[in-house]
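Survey of secondary and tertiary structure
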Amino acid sequence: MTVIGYLIPVSLFLGGLGLAAFIWSLRADQYTDLEGDQHRALFGEHDDRPSGE
Amino acid sequence: MPLDRPPTEPIELILPSISCGGCIAPIERRLTAIEGVRTARVNLSNKRVRIETLPGGPDADRLAATLAEIGHEARQLTAALPRSETRDAEGRDLVLRLGVAGFAAMNVMLLSISVWSGAEAATRDLLHWVSALIALPAMAYSGLPFYRSAGRALTGGRLNMDVPISLAILLSAVSSLIETSYGGQHAYFDAGIMLIFFLLIGRYLDHRTRAQAGSAAAELSQLAARMAVQIAADGTRQSIATADLRPGMRLTVAPGERIPADGVISLGQSDLDRALVTGESVPEPVSPGDTIHAGMLNLTGPLEMEVTATGDGTLLADIARMVEAAEQGRGRLDRLADQAARVYAPGVHLVALAAFVGWYWQSGDLLTALGIATAVLIITCPCALGLAVPTVHTVASSRLFRSGIFLKDGGELERLAQVDTVAFDKTGTLTDGASQIASAPTPDHPAWPVAAALAQASRHPLAIAIAAEAERVGVRPARISDLTEHPGQGVSGQIKGRELRLGRPDWVGHAPGGSDGVLVSLPDGGRASFTFSDTLRPDARETVAEVVALGLDPCLISGDAERPVARAADAAGIARWHARLHPGDKLDLLAEMQAEGRRVLMVGDGLNDGPALAAAHASISPAAAADVAKAAAGLVFTGQRLGHVSLALRVARAARRRTLECFAIAAVYNALAIPLALSGQVTPLIAAAAMSGSSIVVVLNALRVRNVT
């Protein structure tokens, strides 16, 4: 049962990565135009950035 | 008229008819190709385009015109329409807290499941401590919005929904900590953080449906000219700020400019757009001796006028004051959620207190009493309420948005559900707006080339309508020389030495039939006439019938003359109508109806509807309306169909029904849960399950609003 002592921190760490990724994507304005961004992925010309206002 | 705006501030236009992803690239490309445009970014989710321009670059009108060229309708986003979401700091803050709460809740839940599955003693304690480690910082951070709001309410001496919530969170943290340090069985860390998670979802949704403050009165002030041209005693012209105008001064107003002050015309003839007073955009000819008002648009000829009233004394200022008074006196809507909170909050506190006192007295054990009080607070917590109402508003708002109706604020939806009378404005609302050609010669008639050529020389709306129609049917304008516009009368030109005229019937010469509309004289000496009318929107009659079917009482109020109003009322099927109403009169009529106990929905589009729209219980205006109307109205609909009004009413009523159902579900849930909690039967497992269960049921019910047709 002591393996729990390793598993809990590991799971927290992985969860924390997910949270960090979420916060980054929020800060990078990736949620401002979900529909438009769907279509932009198919464009020939890429600007590689969301609106970034 | 372009609004004054510092050129480097980004311009936002809404694109009501954009639908597909393929439109994005052409729009952005076309806009960035214009000189002076730095970037253009389309947002397909809320149908907007955001354009950054360099100083001296194109203004919103020019950009909208460019978009119209490639077939996209574009309108300027003013304070009149819902705010742009890109600069929404408060919303992002809520999502961040939501993310942290979600992360913590799920991790703690993992650990709690182990505990519920039968962890014992040391393992259980370890899991509890780890849960505490995760949950407590998250509760402190994510719960901040609730604590702040509760704090504000308490210092203000009142209770709101956030007080029992904050209490529940605090108590669950404290009692769970105590339990855990004593090696106890029940810890409510998971319930506490999950509560925050659900409530933050509700809060975020609520935030998105709340309006940005925008004042119609501010829009009106945009109509005031800032500069005027004064004619000094010696005849010279000089620029003068409107703030410096005084009664008795003589001014000159060029075509295309707005009148800077109230006054009387001393010289010149022209046509004026008097929408401010009559709501009619059909220009009225004016000549010396006529009274004119600040804010009116001078269309065709230069005028000289003598000032009678300036600044605060003008009609425009009067209307602005009426609008402002109406906006402030509107009375705070007692939202359903707030009504519920007023009963709920004290009730919950009393029950929790009773549980605590009762159990302590009965068992003498502080820990047990604390645990049960926590259980009571948590299980009665308004996950359902806090989630239901915002969800209903969000779903309703997006349902309306799908049909091209912009809802500014969830509260407006509740007001809409309460109305029992509908007041329609005529021009531009019930009708398409004036200047539609009602009758004209057939396209191959020789009158058309002549009329088209003459019409192109004038800015008069009727001339513009003729020119547009001519282009639409493909008529080539004849070659006419010496085109001269005679303000107030028409346009003249020469073909082969013969003077031809297009304009008022009495100026052009004897007309068969009445003096309505416009005549054109032909090279062979004959005459042809064009008449214009204000045609009803195609579904006006149908909409009025639907409104009546919903149990509402329609009426027509307009600034126009009796005959056209009676005709329109008859065609639309409205029994009650009032004509010749000035903006103040509309307001008085509204006040009268409201004194009778009616709740009125005002549907209007004009400058003269501003006060009425602001004062009515609920209001809607078309997107093509004046900015004043859009700013004053609670909902704005795009497109030609009046049917949006009845759709909005149906959605509002459905939303209200769903909200009440959600309250009922919450009440039933509480009726079952409270006795359970009071008797000490509730464990963290039950609390978590009950909270999730009630939230899911309530949200699913709220989603039914999507299906309103």
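Predicted model, so just to flag it, every value in this text is computed and none were measured.

What follows is about the overall build of chain B. Helix and strand content of chain B: 25 helices and 26 strands. Summarising its shape, the C-alpha atoms of chain B cover approximately 110 × 55 × 55 Å along the three principal directions. Sorting the 709 residues of chain B into buried and exposed places 54% on the buried side. The long-range share in chain B, meaning contacts at least 24 apart out of those at least 6 apart in sequence, stands at 69%.

All names here are of chain B. Taken as a whole and assessed by the stated rule, the structure comprises 23 salt bridges over all chains. Across the salt bridge formed by Glu69 and Arg30, the nearest N and O atoms sit 3.2 Å from each other. Of this pair, Glu69 sits in helix α2 (residues 60-69) while Arg30 is found in helix α1 (residues 24-32), placing the two residues 39 residues apart along the sequence. Using a relative accessible area of 57% as the deciding quantity, one classes Glu69 as exposed. A salt bridge links Arg580 to Glu562, with the nearest nitrogen and oxygen atoms 3.7 Å apart. Placement of the pair is Arg580 in the loop between β23 (576-578) and α21 (583-595) and Glu562 in helix α20 (residues 562-572), with a sequence separation of 18 residues. For Glu562, a relative accessible area of 41% gives the class partly exposed.

Every other side chain in a regular strand lies on the same face of the sheet, so the side chains alternate between the two faces. All names here are of chain B. As paired elements, strand β8 (residues 262-267) and strand β13 (residues 303-309) share 5 bridges and run antiparallel to each other. Bridged to Asp262 within β13 is Ala309. Summarising the sheet, β8 and strand β11 (residues 291-292) pair through 2 bridges and their orientation is antiparallel. Each bridged residue has a counterpart across the sheet, and for Gly263 the counterpart in β11 is Ile292.

The interface of chain A with chain B comprises 28 residues on the first partner and 25 residues on the second. One can count 3 salt bridges joining chain A with chain B. When the shortest N-O distance is used, the salt bridge between Arg41(B) and Asp37(A) registers 3.9 Å. At the surface where chain A touches chain B, the tally comes to 4 residue pairs in polar contact (both at pLDDT 80 or more). Elements represented by at least two residues in the side of chain A that touches chain B include exactly α1 (4-27) and α2 (34-40) of chain A. Broken down by element, the side of chain A that touches chain B gets its largest block of residues, 11 residues, from α1(A). Along the lines of polarity and charge, the residues of the side of chain A that touches chain B split into 11 nonpolar, 7 polar and 10 charged.

Moving on, we get to the nonpolar core. Residues and elements named next belong to chain B. By size, the foremost hydrophobic cluster in this structure holds 69 residues, and its most contacted members are Ile193, Leu195, Ile196 and Met691. Residue contributions to this core peak at 12 residues, all from helix α3 (residues 89-116). If sequence neighbours within four positions are ignored, Ile193 has contacts with Ala101, Ala104, Ala105, Ala135, Ala138 and Met139. Within the second largest apolar cluster, 42 residues are counted, among which are Phe424, Val544, Leu552 and Val645.

The subject of this paragraph is the sheet that holds strand β10 (residues 284-286) of chain B. Residues and elements named next belong to chain B. Ordered in space as β10-β9-β12, the 3 strands form an open sheet in which the pairing is antiparallel. Across the chains shown, the open sheet's two edge strands, defined by having one partner strand only, are β10 and β12 (297-298). As defined by bridge partners, strand β9 (residues 270-273) adjoins β10 across 3 bridges and the pair is classed as antiparallel. Following the sheet pairing, Asp271 is matched in β10 by Pro285.

What follows covers the confidence of the model for chain B. The predicted coordinates ought not to be read in detail in places where the model reports low pLDDT. Per-residue confidence for chain B gives a mean pLDDT of 83; residues scoring 70 or more make up 93%. Within the model, the stretch residues 1-7 of chain B combines pLDDT values under 50 with 17 contacts to residues more than four positions away or in other chains.

Take a nonpolar patch on the surface next. Judged by side-chain polarity, Val10(A), Phe13(A), Leu14(A) and Leu17(A) come together as a nonpolar surface patch covering roughly 410 Å² of accessible area. Its location among the elements puts Val10(A) in helix α1.

Glancing now at the side chain of Ser149(B). Along the chain, Ser149(B) falls in helix α5 (residues 144-155). Look past the residues within four positions of Ser149(B) in its chain and what remains in contact with it is Asn160(B), Asp162(B) and Arg203(B).

Bringing α21(B) into the picture now. Side chains of residues three or four places apart in an α-helix project in the same direction, reflecting 3.6 residues per turn. All names here are of chain B. If you check α21, its first and last C-alpha atoms are 19 Å apart, about what 13 residues at 1.5 Å a residue would give, namely 18 Å. Along α21, the residues that are buried comprise Pro583, Gly584, Lys586, Leu587, Leu589, Leu590 and Met593. Just downstream of α21, Gly597 is the residue with a positive phi angle, here 95°.

Residues and elements named next belong to chain B. Pairing within the open sheet is antiparallel, and its 4 strands lie in the order β2-β3-β1-β4. The sheet terminates laterally at β2 (37-43) and β4 (75-76), the two strands that pair on one side only. By the bridge criterion, 2 bridges tie strand β1 (residues 11-14) to β4 in an arrangement that is antiparallel. The partner of Leu13 across the bridge, within β4, is Gln76. Relative to β2, α1 is tilted by about 160°, and along the sheet it contacts β2 and β3 (48-53). With respect to the sheet, α2 is in contact with β1, β2, β3 and β4, its orientation differing from that of β1 by roughly 40°.

Attention shifts here to the packing of aromatic side chains. All names here are of chain B. One pass over the structure, following the stated rule, counts 5 aromatic pairs over all chains. When the ring of Phe197 is compared with that of Phe198, the centres are 6.0 Å apart and the planes differ by 40°; the resulting orientation is tilted. The class for Phe198 is buried, based on a relative accessible area of 14%. Note on Phe356 and Tyr360: the rings are 6.2 Å apart at their centroids and 10° apart in plane angle, and the pair reads as stacked. Of this pair, Phe356 and Tyr360 both sit in helix α11 (residues 336-363), 4 residues apart, which is roughly one turn of the helix. Taking relative accessible area as the criterion, Phe356 reaches 23% and is therefore assigned partly exposed. Classification of Tyr360 as partly exposed rests on a relative accessible area of 40%. When the ring centre of Tyr141 is taken as reference, the NZ or CZ atom of Arg97 above it lies at 4.7 Å.

Thresholds applied
- Residues numbered from 1 in each chain as written.
- Chains lettered and ligands numbered in written order.
- Predicted model: local features only at pLDDT ≥ 70, side-chain atom pairs only at ≥ 80, totals over all residues.
- Heavy atoms only, no water.
- Helix = DSSP H or I, 4+ residues; strand = E, 2+ residues; numbered from the N terminus.
- Buried < 20%, exposed > 50% of the residue type's maximum accessible area, 1.4 Å probe, protein only.
- Contact = heavy atoms within 4.5 Å.
- Salt bridge = Lys/Arg side-chain N within 4 Å of Asp/Glu carboxyl O.
- Pairing = 2+ DSSP bridges.
- Polar contact = N/O pair within 3.5 Å; in protein donor to acceptor, adjacent residues only side chain to side chain.
- Nonpolar A, V, L, I, M, F, W, Y, C, P; charged D, E, K, R; others polar.
- Core = buried A, V, L, I, M, F, W, Y, C linked by side-chain atoms within 4.5 Å.
- pLDDT = per-residue confidence, 0-100.
- Patch = residues over 30% accessible without salt bridge, like charges linked within 9 Å, V, L, I, M, F, W, Y side chains within 5 Å.
- Areas by Shrake-Rupley, 256 points an atom, 1.4 Å probe, with all protein chains shown as cover.
- Expected span 1.5 Å × (residues − 1).
- Axes fitted to C-alpha atoms, helices over the stretch in contact; angles between N-to-C directions.
- Phe/Tyr/Trp six-rings, centres within 6.5 Å; stacked < 30°, edge-to-face > 60°.
- Lys NZ or Arg CZ within 6 Å of the ring centre and 35° of its normal.

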